[in-house]
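Now for the letters of each chain:
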Amino acid sequence: MTEPGAPGSGFTTAPRIAFLVPHTHWDREWYRTFADFRVSMTRIVRDILDRLEQDPAFTHFLLDGQAILARDHCEIYPEDAERIRSLVREGRLSLGPWYVLPDEFLVSGESLVRNLLVGHSVARELGGVQKVGYMPDSFGHVAQLPQILRRAGIDSFLYTRGNGDEIDQLGFEFVWRAPDGSAVLAINQCSGYCNAGGLGHHEIWHAHTPRELDFERAVDQVRELFGRMRTLGRTDVVLLSNGCDHFPPQRDTRRLLEALRGAFPDTEFRVSNLAAFVEAVRDAAAGDVRLDAWEGELRYGRLHHILTGVWSTRMPLKQANDRTTRWINDVAEPLAAYARFAHGLADRTPLLGAAWRRLLENHPHDSICGCSIDEVHEQMGPRFDEALETAEGVVREVLVDLAPTFAPQPGGDRNTVLCVANPLPVERREVVRRLVVLQPFGIDPHRLRLYDEDGTEVPMRVRDARYVERFWGIDYRTVLDRERQTEKFATYLEQFGDRIIRPESRRDESDTFLSLEFVAELPPLGHARFFLREADGPCEMEGPDPVRAEEDCLDNGLVRVRLYPNGMLDLEDHRSGLRYAGLNLLTSTEDVGDEYDYSPAELSSTVDAAGVRGEVSVESAGRWSATLTARFRLALPQGISADRRSRDSHLVQCPVEVRVTLQSGRPLVEVQTRFDNQVRDHRLRAWFPTGIGSDTVWSDGHFLVHERPVDPPPGEDWFQPPAATLPQQGCSWVSEADRGLALLALGLPEIEPSR
């Protein structure tokens, strides 16, 4: 959305005021690892501190927009903390407001909020926070960012990437509004955050060297930059970003300023900070200049690379990030708060704060985007693991506190307590499948019944019972999900099966391992306890309608799904009579792009699973849930040809497993695809034809549901033409008057709608 205006009218030859802001943009890890980069960073930070303390002309430095850099430095040189604190308080060194500079589309909305909160906390400990929304290099910006910034007390936004054709109307300075109406002053860094980097050098990267400065060259660089700024500038105040990636501070600032002031006598050059620059722009715009407004995302490449291909680069990173974020934010924090305030249990906030900080260390754009060297992304794994294990550990402790694994007296152990928690703020009915280990010996599984806390019997089925030699090396009772319970138990069965399995006749001296399925009615944001104990007489609880499993079909009365041997499926909605056929068709197309963007070959070819032979089996058939599995092999070219013009002619078989699960009472079909990739240089996708003729697609976003056009803009003469793909957080859907289909794809942040 734009309003009429007149970009390019800010000044004619030279601006009235030019703010020279010395800075470094520090990718914490990228083409070198974090530890390797930190060796260089600590040397440069010490040089910055020395210059600020000793050089009268060097009056300010911007330590990027991320407070973690100062924390990283102080871990090595804690004695510098007071030097940093003093310079920040004097207004000579700027920290924050972010903890790290993230990629916005690949992290959650709450992650952006926590990023600002942690960044503010770290910066305050070291003297103060830069209250400017500085995002110099992120690959696009989400529509809700103005609201997020305003809630953090920030009313400005400085950026480089993201504009489409609207920039020609908006100009470099405009008002950016969030959907709720929150607005910030947005300023595009003309030519990017390196626009005045390496002044006085004939090669920008010579800034890393002791090469002598050529001040005539510096004047020419600034004159050329003023010319570019003049084209779309709305005011006569400009920003010279005096730095670049991993740059040391500009040398000989005094002589540089003398040269610039001599060459541009009508321009006032100030070595200052971003906050002062923003205020000067705001003052200049308060006169006769009327800034235009924009509402919506900034995710196009009219002036700069936008690199949207990173949404699906190194997908295991995206899946790990999604899983870890959801465990911390959606499960651990709500349950920890519930346990603390509803039951007076321990405060786990410090543990979860540590989990957030470790997770945020994986959110810088070169990290989460997957566009760094292999060693960087290998080192991200342990960070995800640490954050995830902390969140899971908190949930485990909460559940044990709410339902201890041992009764106060031995006799009480014959009432096995199952604790099921619901972190959502709504009531739920869920089918729970669980491996239950009975603590006392000698319980007859055929006589077991399940009761809720009111003593009402709960629908339950024992699907399997085994008798196992007691071993407390793994307490299966506190493993949080059934899949991991099963995996751990399967490992022991594989290694020690004959040694640990006992016949039923020895149940009086063995642990009883039960595979249970029951229907749990759960309160909003709370927990329910269920009691498993022996009782006489048959189970009288039928429960909800069962799931019927046939050779290749599942039906729960709401929907019917047929799974084919090639992993495709048909879905029929009994309520509406609508049918969707040919869903989940796997397709593979070559990829000759780089670590950032996908690119097809000149002679492109696509292989799909249509017509591939395989087999379908009933994996699991309980009363209220069932799973079908299709197994097949997809023959794919082993890579691309040597000239990168086409795919290789040699085919390699890639094993594929598609599992489809249906539960009682839910019109949701769960699809899990496991693809054993044996080839290189290709893009694997799943196609879901809907038969819906919509011009738009809806997607979950950052505190927002997006409606986006199916067709991208033409992007003529753009620096990077727009891709057909779109970002999503957790789900996307298309719909028309009487029908719609939604895909909930956790950890898969890229979609492509097509007609």
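One can find the structure itself at the top, above this paragraph.
Worth saying up front: this structure is predicted, and the values here are computed from it rather than measured.

**Focus on the packing of helix H11 (residues 349–360) against helix H13 (residues 374–402)**
Turning to step 1, where the next piece is worked out: With their axes 8 Å apart at the nearest point, H11 and H13 run at an angle of 160 degrees to one another. The pairing of H11 with H13 is recorded here as roughly antiparallel in orientation. Seen along the crossing, H11 lies across H13 with a hand that is left-handed. Across from Leu351, Leu352, Ala355, Arg358 and Leu359 in H11, the residues of H13 making contact are Arg383, Phe384, Glu386, Ala387, Thr390, Ala391 and Val394.
Turning to step 2, where the next piece is worked out: Tallied by class, residues from the contact of H11 with H13 come to eight nonpolar, one polar and three charged.

**Notes on the state of the cysteines**
Turning to step 1, where the next piece is worked out: Tallied over the entire structure, the rule returns one disulfide.
Turning to step 2, where the next piece is worked out: The disulfide partner of cysteine 194 is cysteine 244, and the gap between their sulfur atoms is 2.0 Å. Across the S-S bond linking cysteine 194 and cysteine 244, the dihedral sits near 75 degrees, which makes this disulfide right-handed. With a gap of 50 residues between them, cysteine 194 in the loop between strand S7 (183–188) and helix H7 (215–232) and cysteine 244 in the loop between strand S8 (237–242) and helix H8 (253–263) connect regions that are remote in the sequence.
Turning to step 3, where the next piece is worked out: Classification of cysteine 244 by relative accessible area gives buried; the value is 4%.
Turning to step 4, where the next piece is worked out: Not engaged in a disulfide, the cysteine cysteine 369 finds its nearest cysteine sulfur in cysteine 371; these two sulfurs lie 5.1 Å apart.

**Thoughts on the pattern of salt bridges**
Turning to step 1, where the next piece is worked out: Overall, the coordinates contain 68 salt bridges when judged by the stated rule.
Turning to step 2, where the next piece is worked out: One salt bridge in this structure joins arginine 358 and glutamate 386, with 3.0 Å as the shortest N-O distance. Of this pair, arginine 358 sits in helix H11 while glutamate 386 sits in helix H13, and the two are 28 residues apart along the sequence.
Turning to step 3, where the next piece is worked out: Of the residues examined, arginine 358 reaches a relative accessible area of 25% and is grouped as partly exposed.
Turning to step 4, where the next piece is worked out: On the accessibility criterion, glutamate 386 (38% relative accessible area) is partly exposed.

**As for the sheet that holds strand S30 (residues 696–700)**
Turning to step 1, where the next piece is worked out: Pairing is antiparallel across the open sheet formed by four strands, whose spatial order is S31-S30-S33-S34. Edge positions in the sheet fall to strand S31 (705–709) and strand S34 (739–744), since each has one partner strand and no second. Neighbour to neighbour, the strand axes of the sheet diverge by 20 degrees on average, direction disregarded.
Turning to step 2, where the next piece is worked out: Sheet analysis places strand S33 (residues 731–736) next to S34, joined by six bridges and oriented antiparallel. Each residue of the ladder has a partner; that of glutamate 736, found in S34, is arginine 739.

Conventions adopted
- Residues numbered from 1 in each chain as written.
- Predicted model: local features only at pLDDT ≥ 70, side-chain atom pairs only at ≥ 80, totals over all residues.
- Heavy atoms only, no water.
- Axes fitted to C-alpha atoms, helices over the stretch in contact; angles between N-to-C directions.
- Helix = DSSP H or I, 4+ residues; strand = E, 2+ residues; numbered from the N terminus.
- Parallel < 35°, antiparallel > 145°, perpendicular 65-115°, else oblique.
- Left-handed = near helix turned anticlockwise from the far one by under 90°.
- Contact = heavy atoms within 4.5 Å.
- Nonpolar A, V, L, I, M, F, W, Y, C, P; charged D, E, K, R; others polar.
- Disulfide = S-S within 2.5 Å.
- Buried < 20%, exposed > 50% of the residue type's maximum accessible area, 1.4 Å probe, protein only.
- Salt bridge = Lys/Arg side-chain N within 4 Å of Asp/Glu carboxyl O.
- Pairing = 2+ DSSP bridges.

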